[in-house]
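# Survey of secondary and tertiary structure
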Number of protein chains: 2
Amino acid sequence: MADLKENKQAVIALDAMGGDYAPAEHVKGAVEAVNARQGFLIKLFGNRDKLEAELAKYQFDRNRIEIVHSESIVENCDVPTVAIRKKKDSSMVMGLYALKDDEAQAFISCGNTGALLVGGQTIVGRIKGIDRAGLAFLVPSEKGPVLIMDCGANVDCKPEMMVQFARMGSIYMETVLDVKCPRVGLVNIGEEESKGNSLVHESFPLLKECPEINFIGSVESRGITEGIADVAVCDGFTGNIILKSFEGVAAIMLKVIKGAMMKNIRTKIGAALMKSELKKSLELFSVEEYGGAPMLGIKKLVVKTHGNSKAPEIRNTILQCSKAVTEDLTGKIERTFYGI
Amino acid sequence: MADLKENKQAVIALDAMGGDYAPAEHVKGAVEAVNARQGFLIKLFGNRDKLEAELAKYQFDRNRIEIVHSESIVENCDVPTVAIRKKKDSSMVMGLYALKDDEAQAFISCGNTGALLVGGQTIVGRIKGIDRAGLAFLVPSEKGPVLIMDCGANVDCKPEMMVQFARMGSIYMETVLDVKCPRVGLVNIGEEESKGNSLVHESFPLLKECPEINFIGSVESRGITEGIADVAVCDGFTGNIILKSFEGVAAIMLKVIKGAMMKNIRTKIGAALMKSELKKSLELFSVEEYGGAPMLGIKKLVVKTHGNSKAPEIRNTILQCSKAVTEDLTGKIERTFYGI
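What counts, and at which threshold
- Residues numbered from 1 in each chain as written.
- Chains lettered and ligands numbered in written order.
- Predicted model: local features only at pLDDT ≥ 70, side-chain atom pairs only at ≥ 80, totals over all residues.
- Heavy atoms only, no water.
- Salt bridge = Lys/Arg side-chain N within 4 Å of Asp/Glu carboxyl O.
- Buried < 20%, exposed > 50% of the residue type's maximum accessible area, 1.4 Å probe, protein only.
- Axes fitted to C-alpha atoms, helices over the stretch in contact; angles between N-to-C directions.
- Helix = DSSP H or I, 4+ residues; strand = E, 2+ residues; numbered from the N terminus.
- Parallel < 35°, antiparallel > 145°, perpendicular 65-115°, else oblique.
- Left-handed = near helix turned anticlockwise from the far one by under 90°.
- Contact = heavy atoms within 4.5 Å.
- Nonpolar A, V, L, I, M, F, W, Y, C, P; charged D, E, K, R; others polar.
- Least-squares fit on C-alpha atoms with pLDDT ≥ 70 in both.
- Phe/Tyr/Trp six-rings, centres within 6.5 Å; stacked < 30°, edge-to-face > 60°.
- Lys NZ or Arg CZ within 6 Å of the ring centre and 35° of its normal.
- Pairing = 2+ DSSP bridges.
- Buried area = accessible area lost by both parts, 1.4 Å probe.
- Polar contact = N/O pair within 3.5 Å; in protein donor to acceptor, adjacent residues only side chain to side chain.

## A few points about the pattern of salt bridges
- Considering all chains together, one arrives at 28 salt bridges over all chains under this definition.
- Here Asp78 of chain A makes a salt bridge to Lys87 of chain A, at a shortest N to O gap of 2.7 Å.
- Note on Lys87 of chain A: relative accessible area 21%, which makes it partly exposed.
- Through salt bridges with shared partners, a single ionic network connects Glu220 and Arg222 of chain A together with Lys244 and Glu247 of chain B.

## Quick look at the packing of helix α1 (residues 24–36) of chain B against helix α2 (residues 48–55) of chain B
Residue and element names in this part refer to chain B.
- The geometry of α1 relative to α2 is characterised by a closest axis approach of 9 Å and an angle of 50 degrees between their N-to-C directions. By the angle class used here, α1 and α2 are oblique. Along this stretch, α1 crosses α2, giving a crossing that reads as right-handed. Listed contacts from α2 to Ala24, Val27 and Val31 of α1 are Leu51, Glu54 and Leu55.
- Along the lines of polarity and charge, the residues of the contact of α1 with α2 split into five nonpolar, no polar and one charged.

## Structural notes on the relation of the copies chain A and chain B
- Expressed as a screw operation, the relation of chain A to chain B combines 0.0 Å of axial shift with a rotation of 180 degrees, fitting to an RMSD of 0.0 Å. One copy is carried onto the other by what is essentially a two-fold rotation axis. Considering only C-alpha atoms, the residue of chain A closest to the rotation axis is Gly270 of chain A, which sits at 1.8 Å.
- Taken together, the interface assignments show that 100% of the residues at the interface of chain A recur at the interface of chain B, consistent with an identical surface on both copies.

## Some points on the packing of aromatic side chains
Residues and elements named next belong to chain A.
- Scanning the entire structure with this criterion turns up two aromatic pairs over all chains.
- Relative to Phe215, the ring of Phe204 has its centre 5.2 Å away and its plane inclined at 75 degrees; by these criteria the two rings are edge-to-face. Taken together, the residues span a long stretch of sequence, with Phe204 in helix α7 (residues 198–209) and Phe215 in strand β8 (residues 214–219) at a distance of 11 residues.
- Residue Phe204 is classed as buried on the basis of its relative accessible area, which comes to 8%.
- On the basis of relative accessibility, which here comes to 17%, the residue Phe215 falls in the buried class.
- The ring of Phe40 is capped by Arg64, whose NZ or CZ atom sits 4.9 Å from the centre of that ring.
- Residue placement shows Arg167 over the ring face of Phe337; its charged tip is 3.9 Å from the ring centre.

## With respect to the pairing of strand β4 (residues 106–109) of chain A
Residue and element names in this part refer to chain A.
- Burial of β4 is two-sided: the residues Ala106 and Ile108 facing one way and the residues Phe107 and Ser109 facing the other way are all buried.
- When β4 meets strand β11 (residues 301–304), the two strands line up parallel, connected through four bridges. Opposite Phe107, over in β11, you have Val302 as the bridge partner.

## Re the interface of chain A and chain B
- Listed as interface residues are 51 residues of chain A and, on the opposing side, 51 residues of chain B.
- Counting the surface chain A buries against chain B, the share from its top three residues, Ile189, Phe237 and Met253 of chain A, is 14%.
- Here chain A is connected to chain B by six salt bridges.
- With a shortest N-O distance of 2.3 Å, Glu220 of chain A and Lys244 of chain B are connected by a salt bridge.
- Run the count over chain A and chain B and you get 18 residue pairs in polar contact (both at pLDDT 80 or more).
- Within the residue set of the side of chain A that touches chain B, elements represented by two or more residues are α7, α8 (221–225), α9 (236–261) and α10 (265–282) of chain A.
- In terms of residue count, α9 of chain A provides more of the side of chain A that touches chain B than any other element does, 20 residues in total.
- The residue makeup of the side of chain A that touches chain B, split by class, is 26 nonpolar, 15 polar and 10 charged.

Below, the structure written as structure tokens:
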């Protein structure tokens, strides 16, 4: 297998053991990603035998996927700080050290979110000028994806952090999704400046005065699905609530619609006629399409994917990371914040 | 017209001038309500000539709907405190005084939410032992409606208020929706006790120790749509975010599904075959079915309906109020909190 270190292509490290469908779906997603696009290499962190067995199922360029053997796994029940300190031989911790040591430029994991956050900040380190890294999540809207940040890394935030989220989120949308001059909205319970809780009241003037962003004022969570903003800034508690509300409603609606379709012969015929169009339209609501959630504010790109990720989400996240690395996302964030 | 004061039936006052479709839809909803069920009378507050003209369109028992003439309207752009103090001749303020003076047992308005909250607390007054009144909203779930409280009245809350919301919400679900021993969940970003922001951390032990409620621990916003709890307790900022997230996702999904149905001849035929079943299933997500949002904690029942309410929401809210008055909802809340 080629020595990836000497290769100048982007190297994307993947925790192949974290998540509900590891390692089968992770390996499948990795293979699909290298078969879909050129320009990057993948390091799979995990049990060598298991990963070899999975890789043997597919046709792909073996020079583009390397296995790095790891002994243990950070489990979801592990206490984050303890896991990062003690499980040095785990796929997650080894992957994070590969980032720190410049053996990879991005790291993806479906594993323990808390551990990934702690590990990202302690092993890889925060960018100078950033108080706390945040989780940024892409959600669908009528006018394309909207980035919500923070989505759960920081449940209690200071106004200054909200401005940092806004700046990092803008750079992400410009760099990775090619959105010019992204519109930044402050998540609120009304569009008037008088609305909101104390954090919103204190953050609003700081966002308004920030010259680096295109601040459009308050947006309601309803406005996010309408695509009023490209970046929706909030504390991690609020962001997580929005994300899970979106997922919850979408899930129950799909269930109800499917139930109605299967009700009787008549509806089944109707469903058969509509199926392909409906499927195409509903893909808009599939989390898989949007890839994982980058933890912005860390020196290298660390991306969290859903615990129940399957191959399509893994593949899309890898392709997203490849773009972010090629466009030097973290370098851009670092240069913007340097000296502040 | 009969003098309603001497009648022992429940009297429901309706602000017939507030909201986007006033007074036409309000009058229609009121007529539908009296034609649907016995046991209550309605007082319509608004411009007498306009209301008479609308009432003339329908067949109903004229002894059950009375008009109380009012000159002005509290507009959505009015500053709540100023409107309540200055617009004494408005349909909203006059309706609230009718509550205070025992001329009605419930008051419904689609108008300015802030003004209704201020007016409810200052004119009608808070129940002894309650720090702040909260807005309770019913949302659909797989297992029936879930009450979210607070939904926007109090953006910054204290832990004690969360316990009061839990107790009042439980009484509401038991009294008005006949839910025995309602399960109370604390809205959180994970089910573990360690999760959450500082308000959640401080509220959790208080809820756990409260003997009057059936506390089941933390629930995620995704869990609300799954119907894990009957009452979901949160601060007004979080509640409003959830509500508008639900509405936003439901709206965009319906739009996308309708678009897919109308795509071509094939899908149009399919849609025609499925239409009635789909419509029936999707009624679950119609806000109209659930009526308005009661402001719990006020001495008499004050209910806020959507600004864009049409006749079905008005009708259902009136019927809901009739049940709440007959079952003495506010009396039950008052007796529970008395002496605390």
